[in-house]
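Listed below are the residues making up each chain.
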Amino acid sequence: MLILTCPCCGTTGEETEFHQGGEAHLVRHGPGSTDDDFHTYMFARENPKGAHFERWRHNYGCGKWFIMARDTVTLEVYGTYPAQTHEPPQHIRERVTAKRPGWTWRDVA
Amino acid sequence: MSEAVTPLNGARYEGLAIIADAGLSGMITLRGDLSSKEVKAAVKQAVGLGIPAQRQALTGQATAVLWMSPDELLLICAYDGVAETIAALEEALKGQHFLAHNVSDARAYLHVSGAGARETLAKLCPVDLAPHAFTPGMVRRTRLAQIPAAFWLEDRGVFHLICFRSVADYAFTLLKTAALPGGEVGVYR
């Protein structure tokens, strides 16, 4: 069970109050894109053992979306940041590096 | 005009806690920029209260303002006064980006009071309801067993709980079951 803190309303609650919304920072490729780009957008997902970046929504609370960096092995939450962010912010990356030196996630490190 | 009734129609149960229908109450959802002076002035004019801090409620004479999310407030007022209050809000916020909507009939409103009130809610919600952790004036939107609900604690130790009207009976039965005598846990004694 994850204990999460919503960055939008500051509530600390357990996992069932939230809902995971898939991988974060996906780049959308729609009509007119190449088959390869569309395939990557549609199907290619990370399955890391370690740091992972996901979209979450505080379903039973304030209803806002946010992005969370967490560890799939230790269940540690490295941090949360606004959903309107295009790539993991530097302070989150540093926190991950402190715990998992040499980590990679997609082309982020 | 038809006679308005609450979904629970005055239901009441006394067990470890007292679960009671709170009666008809006006509720207005107000969305907008809560940090703006226009919203602040409009709320002051409409219900005579300020903007509560994050996850807090402000209570006045038969009115209340609840912080629901970073851009949403719930205003509580008299059931008959809703149209008037919304008109006041709309007048005060003319030209602003906002939404004020009457949700009075969309909700069920309950009071949970008595010695076992904290325990009754704690059985159903994943919330730390210890007296030092959940203090008067706090608002919490959460999960009440299988349904979304919100509650806030008034100074006199009464929990005010709202949920959707369609699940009013579920919420009442659930709270009643959690407050059945013999089910004391005594965790907050």
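This text goes with the structure placed above it.
What counts, and at which threshold
- Residues numbered from 1 in each chain as written.
- Chains lettered and ligands numbered in written order.
- Predicted model: local features only at pLDDT ≥ 70, side-chain atom pairs only at ≥ 80, totals over all residues.
- Heavy atoms only, no water.
- Helix = DSSP H or I, 4+ residues; strand = E, 2+ residues; numbered from the N terminus.
- Polar contact = N/O pair within 3.5 Å; in protein donor to acceptor, adjacent residues only side chain to side chain.
- Contact = heavy atoms within 4.5 Å.
- Pairing = 2+ DSSP bridges.
- Axes fitted to C-alpha atoms, helices over the stretch in contact; angles between N-to-C directions.
- Buried < 20%, exposed > 50% of the residue type's maximum accessible area, 1.4 Å probe, protein only.
- Arc of directions from axis to C-beta.
- Patch = residues over 30% accessible without salt bridge, like charges linked within 9 Å, V, L, I, M, F, W, Y side chains within 5 Å.
- Areas by Shrake-Rupley, 256 points an atom, 1.4 Å probe, with all protein chains shown as cover.
- Salt bridge = Lys/Arg side-chain N within 4 Å of Asp/Glu carboxyl O.
- 1 Å grid on protein atoms, 1.4 Å probe; cavity = no way out; pocket = protein on both sides within 12 Å on 5 of 7 lines; lining within 4 Å.
- Points joined across faces, edges and corners; volume = space filled by probe spheres on them.
- Nonpolar A, V, L, I, M, F, W, Y, C, P; charged D, E, K, R; others polar.

Visitor: Looking at this structure, I do not really get the side chain of E54 of chain A. What am I missing?
Guide: All names here are of chain A. By the secondary structure assignment, E54 is in strand β4 (residues 51-57). One polar contact links E54 to Q20, side chain to side chain, over a distance of 2.6 Å. With sequence-adjacent residues up to four places away left out, E54 is seen in contact with Q20, G22, E23, A24, F66, I67, M68 and R70.

Visitor: Help me understand the sheet that holds strand β2 (residues 18-21) of chain B, please; the structure alone is not making it clear to me.
Guide: The pairing of strands in a sheet happens through backbone hydrogen bonds and is either parallel or antiparallel. Residues and elements named next belong to chain B. Read from one edge of the open sheet, six strands run β1-β2-β8-β11-β10-β9, paired in antiparallel fashion. Lying at the two open borders of the sheet, with one neighbouring strand each, are β1 (12-14) and β9 (139-144). Pairwise comparison of adjacent strand axes, ignoring direction, gives a mean angle of 25° for this sheet. In terms of strand pairing, β2 meets strand β8 (residues 107-113) through four bridges, oriented antiparallel. What sits directly across from I18, in β8, is S113. Sheet strands in contact with helix α4 (residues 168-178) are β1, β2, β8, β9, β10 (147-153) and β11 (159-164), and its direction is about 15° off that of β8.

Visitor: What is the right way to look at helix α2 (residues 90-99) of chain A in this model?
Guide: Three- or four-residue spacings in an α-helix give side chains the same orientation, since the helix completes a turn every 3.6 residues. All names here are of chain A. Along α2, the residues that are buried comprise I92, R93 and V96. The arc enclosing the buried residues of α2, seen along the axis, measures out at 100°, which places them on a common side. Each element contacted by the buried residues of α2 is listed here: β4, β5 (65-71) and β6 (77-82).

Visitor: Help me understand a nonpolar patch on the surface in this model?
Guide: Residues and elements named next belong to chain A. A contiguous nonpolar surface patch, about 320 Å² in accessible area, is contributed by F38, M42 and F43. Within the secondary structure layout, F38 lies in helix α1 (residues 35-43). Residue classification places F38 among the partly exposed positions, given a relative accessible area of 36%.

Visitor: Help me out: how do you make sense of helix α2 (residues 82-92) of chain B in this one?
Guide: Residue and element names in this part refer to chain B. Among all positions of α2, only V82, T85, I86 and L89 are buried. Within α2, the buried residues cover an arc of 100° as seen down the axis, which keeps them to one side. With respect to the buried face of α2, the exposed residues turned more than 90 degrees away are A83, E84 and E91. Summarising the contacts, the buried residues of α2 are in contact with β3 (26-31), α1 (37-47), β6 (72-77) and β7 (99-102).

Visitor: Sorry if this is basic, but what is going on with the layout of surface pockets here?
Guide: The gaps left among the atoms become clear once a water-sized probe is rolled over them. Counted as a void, the largest pocket has a volume near 380 Å³. Lining the largest pocket are 19 residues; nearest its centre among them are G61 of chain A together with M68, R107, R141 and F164 of chain B. Counting residues per element, the ones that place at least two in the lining of the largest pocket are β9, β10 and β11 of chain B. Considering only residue class, the lining of the largest pocket consists of nine nonpolar, four polar and six charged.

By themselves, these are just geometric observations and shouldn't be taken as functional.
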